[in-house]
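Architecture and fold: a report
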Amino acid sequence: MVQDRQSLEFDIVFIGAGPANLASAIHLQRLLKKHNSLSANPVDPAIAVIDKGRYAGAHLLSGALLDPRALEEFLPDFLVRGCPVEATVSNEHLWYLTAKRKFPFPFCPEPFSNKGNMVVSLSRLGSWMAEEAQKEGVQFFDNTAAAMPYVEHGRLAGILTDDKGIDRNGQKKSSFEAGLLLATKVAVIGEGSDGSFYRKVCEHFPTCLAPIPQRYETGVKETWRIPAGRLIAGEVHQMFGYPLPTETYGGGWLYALSPTLLSLGFVTSLEPDSPVCDPHRNLQRFKQHPLLARILEGGSMIESGARTLTSGGADAMPPLYGPGFLVTGESAGIVNMQRHKGLHLAMKSGILAAETMFESLLHDDFSTDQLKNYDERFKKSWAYDELHAARNYRKAFDSGLYSGLLQAGLQLKFPGLAMADGFVKRRNRKNEAASHTPEIEPFTPDGSLTFSKTESLYRSGTMHEENQPCHLLIKQEDIEEICLKKCTLEYANPCRHFCPAQVYEITADPRPELKLNPSNCLHCKTCETVDPYGIITWIPPEGGGGPGYKLS
């Protein structure tokens, strides 16, 4: 397999072009340039960033509110350089919603405050950061998926990229191009939530697994153009309550990028022991609340998307290093759910990874002991302090909304507070029959305020090569024994609902079958993280496939 591939050699390869890895690549290059301007022994490593999206920023999706603290550290002139900041937060509101009413919080608790933060489009920010990295001399390869790790002499020694031109039956087409072997001294893994490459790396190096399983939420987002006069640029609304039942964690947001352009979305808690939910429908119902409906009336939805986000906090973080690799950003679960933010933390992890690799390059030492310095740096940083203080926030809501609010309030007074053992218990409905699982109520979108999954998928810009192998792997025996029998009985096949893009269908004629529509896939990974039986494996499709975000 490796022998058939062309090999390219690099000193450092970044896997994923998100804010963590792009910050790392930019900072590393600037450190090297400063060193070379002062030293008689210049260092000129070969550095590359690969990304499976068809252009920089294509797969980046978030709210997004940016705390500029880390950006100011490694690129203090970011505004002069043209960083696409849409607005600075002008005012903010925190609401509890019922079906028809809204109740404001009398004040915004400090961890929720966005004073001084910036409203950004993450896809635009990522595109700009990729351009800055290339200006610094970093090679950028889009349309390139990291398919498999190449392990040699007990360390990660390279990345095998995806083959192109394989048909759905696994046969080579006339357009076949073998993937590359990107040999490297260090790989920096920053794929985002539930990274497929990092999962394969952990199969080779089990000690790199997190001490406790990571947990995930699913966010579904839309970008709207609305009539002027309803919002001011930088206006922020954060909401919880409707349309979720009190036992389900989640909430929504609305951010004004300009007086006429806004980002809105909804996050829903989904877990393998409680998978019966529909995140896309939750967003559509959320928009029907009078607060949202009045703002959106007469507007148009111009972009839509979905992705999972990590919510396990500091306790679910894996070691940030291993033999031949570092892990950055959300691949390492570096997200503060209390603040609903992760961009600044991801960038900080990239900064610290860059400083570690800079030392490795200067001393020509890429040993695991040297790479371990990154993990130690992070644990001494303000980013870890922030994560550690918020480590129990998400857990507090496992016993329901009202209990969570009580505990969250106490945690604001006593940061890091954990309730007595046994107080917080995760629900486990795995043995309940389908007749006792929550019903998914019928929902008919109106096409102007609310939309079907098909229409939302169209607005995501998702494209795939149709004639390629299915990238959602389920064994045939699991389909027959679990999907069509056990899951039907225990959960009534929730994959039909929790997937935001209708990838999964159960057909009954002439007999029950699971039909997969992989070309619909938004790469959100909800199916893999929520599957109650652990039988779905998501692997990257041919590079360049997936969503094409431009404003998200």
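The following refers to the structure shown. (Residues numbered from 1 in each chain as written. Predicted model: local features only at pLDDT ≥ 70, side-chain atom pairs only at ≥ 80, totals over all residues. Heavy atoms only, no water.)

What to know about the overall build of the protein
Tallying secondary structure elements over the protein gives 14 helices and 24 strands in all. Taken over the C-alpha trace, the protein has a radius of gyration of 23 Å; the compact-globule value for 552 residues is 24 Å, and the two agree within 12%. For the protein, the spread of C-alpha atoms along the three principal axes comes to 70 × 60 × 50 Å. Burial analysis of the protein (552 residues in total) assigns 59% to the buried set. Sequence separation of at least 24 residues holds for 77% of the intrachain contacts in the protein that already meet a minimum separation of 6. For the protein, the accessible area works out to roughly 22700 Å², and carbon and sulfur atoms hold 52% of it. (Helix = DSSP H or I, 4+ residues; strand = E, 2+ residues; numbered from the N terminus. Rg over C-alpha atoms; globule rule 2.2 N^0.38 Å. Buried < 20%, exposed > 50% of the residue type's maximum accessible area, 1.4 Å probe, protein only. Contact = heavy atoms within 4.5 Å. Areas by Shrake-Rupley, 256 points an atom, 1.4 Å probe, with all protein chains shown as cover.)

Here we look at the packing of helix α7 (residues 343-363) against helix α9 (residues 382-389)
Packed helix pairs are characterised by how far apart their axes lie and by the angle those axes make with each other. Contact pair α7 / α9: the axes reach a minimum separation of 9 Å and the direction vectors enclose 140°. With respect to α9, the axis of α7 lies oblique. Note on packing geometry: the crossing formed by α7 with α9 is left-handed. Here His 344, Leu 345 and Lys 348 of α7 come into contact with α9, specifically with Trp 382, Ala 383, Glu 386 and Leu 387. Of the residues contributing to the contact of α7 with α9, the split by class is four nonpolar, one polar and two charged. (Axes fitted to C-alpha atoms, helices over the stretch in contact; angles between N-to-C directions. Parallel < 35°, antiparallel > 145°, perpendicular 65-115°, else oblique. Left-handed = near helix turned anticlockwise from the far one by under 90°. Nonpolar A, V, L, I, M, F, W, Y, C, P; charged D, E, K, R; others polar.)

Some words on the packing of helix α1 (residues 19-38) against helix α3 (residues 122-135)
Put simply, α1 and α3 touch, their axes get as near as 9 Å, and they point 25° apart. As far as their axial angle goes, α3 and α1 are roughly parallel. Here α1 runs over α3; the crossing is left-handed. Between α1 and α3, the residues in contact are Pro 19, Leu 22, Ala 23, Ile 26 and Lys 33 and Leu 122, Gly 126, Met 129, Ala 130, Glu 132, Ala 133 and Lys 135, respectively. Within the contact of α1 with α3, the residues separate by chemical class into eight nonpolar, one polar and three charged.

Remarks on α9
Of all the positions in α9, only Trp 382, Ala 383, Tyr 384, Glu 386 and Leu 387 are classed as buried. In this fold, the buried residues of α9 make contact with α2 (69-74), α7 and α8 (368-379).

So, the sheet that holds strand β7 (residues 118-120)
If you trace the three strands from one edge of the open sheet to the other, you get β3-β7-β4, paired in antiparallel fashion. A strand with exactly one partner marks an edge of an open sheet, and here the two such strands are β3 (65-66) and β4 (85-88). Relative to β7, β4 is paired through three bridges, and the arrangement is antiparallel. Across the sheet, the residue bridging to Val 85 is Val 120, located in β7. (Pairing = 2+ DSSP bridges.)

Side note on the packing of aromatic side chains
Within the structure shown, the criterion is met by 12 aromatic pairs. Aromatic pair Phe 266 and Phe 286: ring centres 5.1 Å apart, planes at 50°, arrangement tilted. Of the two residues, Phe 266 sits in strand β17 (residues 261-269) while Phe 286 sits in helix α5 (residues 279-287), which places them 20 residues apart along the sequence. With respect to class, Phe 266 is no different from Phe 286; both count as buried. Ring geometry for Tyr 491 and Tyr 533: centres 6.1 Å apart, planes at 70°, overall edge-to-face. Residue Tyr 491 is located in helix α12 (residues 476-491), and its partner Tyr 533 is located in the loop between α14 (526-530) and β24 (537-538); the two are separated by 42 residues in the primary sequence. Per residue, the accessibility class of Tyr 491 equals that of Tyr 533, and both read buried. Within the aromatic cluster, the residues linked to one another by ring pairs are Phe 112, Tyr 249, Tyr 393 and Phe 397. (Phe/Tyr/Trp six-rings, centres within 6.5 Å; stacked < 30°, edge-to-face > 60°.)

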